[in-house]
Amino acid sequence: MNSLRSAPTLDEVAQTAGVSRSTASRAINGGLRVSPEAQAAVDAAVAQLGYTPNRAARSLVTRRTDSIALVVPEPDERILTDPFLAGTMRGVSAALGGTDLQLVLLFARPDEQPGRIVRYLSSGHVDGAIVASHHRDDELEEALLAARLPAVFVGRPFRPTPDLLYVDVDNVEGGRLAARRLVEAGRRRIATIAGPQDMTAGVDRLTGWREVLQGAGLPDDAVEIGDFAVAGGAAAMERILAAHPDVDGLFVASDLMAEGALRVLAAHGRDVPRDVSVVGFDNLATAASTVPPLTTVQNPMVEMVRGATDLLLDLVGGRGDEIASQVLSPALVERDSV
């Protein structure tokens, strides 16, 4: 005799709860227009029967996919090697841990044509998106506004609006903190390895550094652009030493680039901090293990990712009337490189 039983149906849930099929469906899919008594009866029937809703059928009713996208328009090898991006991925996943939402990861493919990610987001596959490490030419800002898809950026968009929310650190102030520390240390030929200028973090950190140098009457021409990676920081440091051999202070717009810069300075016989003082940005784990340990600007990544995820959950849940973008404050973390 076959002991297997077919899965319980919605009709059985309704019969057990003593309600109509439509009431049972509404109770299971969000409780709209359902009395507390009927909701309790349906909940008890679901538990008693072990009923599992058909997600495909449910999505037709609720127009929800129960999926959230984390969009990182960077190649996958960058995701695996950049601690900030890896931490963002872990943070969003952890923040969704208490929900039934699935996390969909969207990365850029090598040499892909612009628009693949945009088409996916605009096609109803997800209920909302968190966007990190975006670039000016990704087309994501305009596409998300046009699609009216709930979205929150980790990092300021280039054209923020009330309909395009974000959580960010005050990168301009972070650049100021780093530059002020170098000026206070008595440095007078201060260079910077700035972040990519197609990213708002790169633009804003450079702006803050430049404001302080100009206010102190110091030259602000020793600028090289990096890519937020170790190798990019090393290459930029080589260019700075070639063009400005008298450099005695350096602000690097990410700790990974600072790690590369420190290696180059050591290879050229420049002692840090005796010959050149160095300040980084992010306060990643690597900052405490460089030689010497790196003075850096704290980038509150955990708070940013958590805040962005909470904002998105409010938007997806229809609780977005009173929410707004958030800008967190940076802080200087002193170690031995200044």
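Everything discussed here concerns the structure shown above.
Please read all numbers here as calculations on a predicted model, not as lab measurements. (Residues numbered from 1 in each chain as written. Predicted model: local features only at pLDDT ≥ 70, side-chain atom pairs only at ≥ 80, totals over all residues. Heavy atoms only, no water.)

Novice: Before we go on, may I ask you to explain helix 12 (residues 255-267) in this structure?
Specialist: The α-helix advances 3.6 residues per turn, and as a result positions three or four apart in sequence lie on the same side. In this model, helix 12 (13 residues) spans 18 Å end to end at C-alpha, consistent with the 18 Å of a helix rising 1.5 Å per residue. Within helix 12, 10 of the 13 residues are buried, which leaves it mostly tucked inside the rest of the structure. Restricting attention to buried positions, one finds in helix 12 the residues Asp255, Leu256, Met257, Ala258, Glu259, Gly260, Ala261, Leu262, Val264 and Leu265. (Helix = DSSP H or I, 4+ residues; strand = E, 2+ residues; numbered from the N terminus. Expected span 1.5 Å × (residues − 1). Buried < 20%, exposed > 50% of the residue type's maximum accessible area, 1.4 Å probe, protein only.)

Novice: Quick question: what am I supposed to make of the layout of surface pockets here?
Specialist: Over the atoms rolls a probe the size of a water molecule, and in doing so it shows where empty space is left. Of the volumes computed, that of the largest pocket is approximately 340 Å³. Taken together, 14 residues make up the lining of the largest pocket; nearest its centre are Arg148, Leu149, Pro150, Asp163 and Leu315. Class assignment for the residues of the lining of the largest pocket results in 10 nonpolar, 1 polar and 3 charged. (1 Å grid on protein atoms, 1.4 Å probe; cavity = no way out; pocket = protein on both sides within 12 Å on 5 of 7 lines; lining within 4 Å. Points joined across faces, edges and corners; volume = space filled by probe spheres on them. Nonpolar A, V, L, I, M, F, W, Y, C, P; charged D, E, K, R; others polar.)

Novice: Just to check I follow, could you spell out the packing of aromatic side chains for this structure?
Specialist: A ring pair, where both rings are aromatic, is described by two values, the distance of the centres and the angle of the planes. Evaluation of the coordinates by the stated rule reveals 1 aromatic pair. Aromatic pair Phe251 and Phe281: ring centres 6.5 Å apart, planes at 50°, arrangement tilted. Note that Phe251 is positioned in strand 8 (residues 249-252) and Phe281 in strand 9 (residues 277-282), a separation of 30 residues in sequence. Each member of the pair, Phe251 as well as Phe281, is classed as buried. Lying over the aromatic face of Phe281, Arg205 brings its terminal NZ or CZ to 3.7 Å of the ring centre. (Phe/Tyr/Trp six-rings, centres within 6.5 Å; stacked < 30°, edge-to-face > 60°. Lys NZ or Arg CZ within 6 Å of the ring centre and 35° of its normal.)

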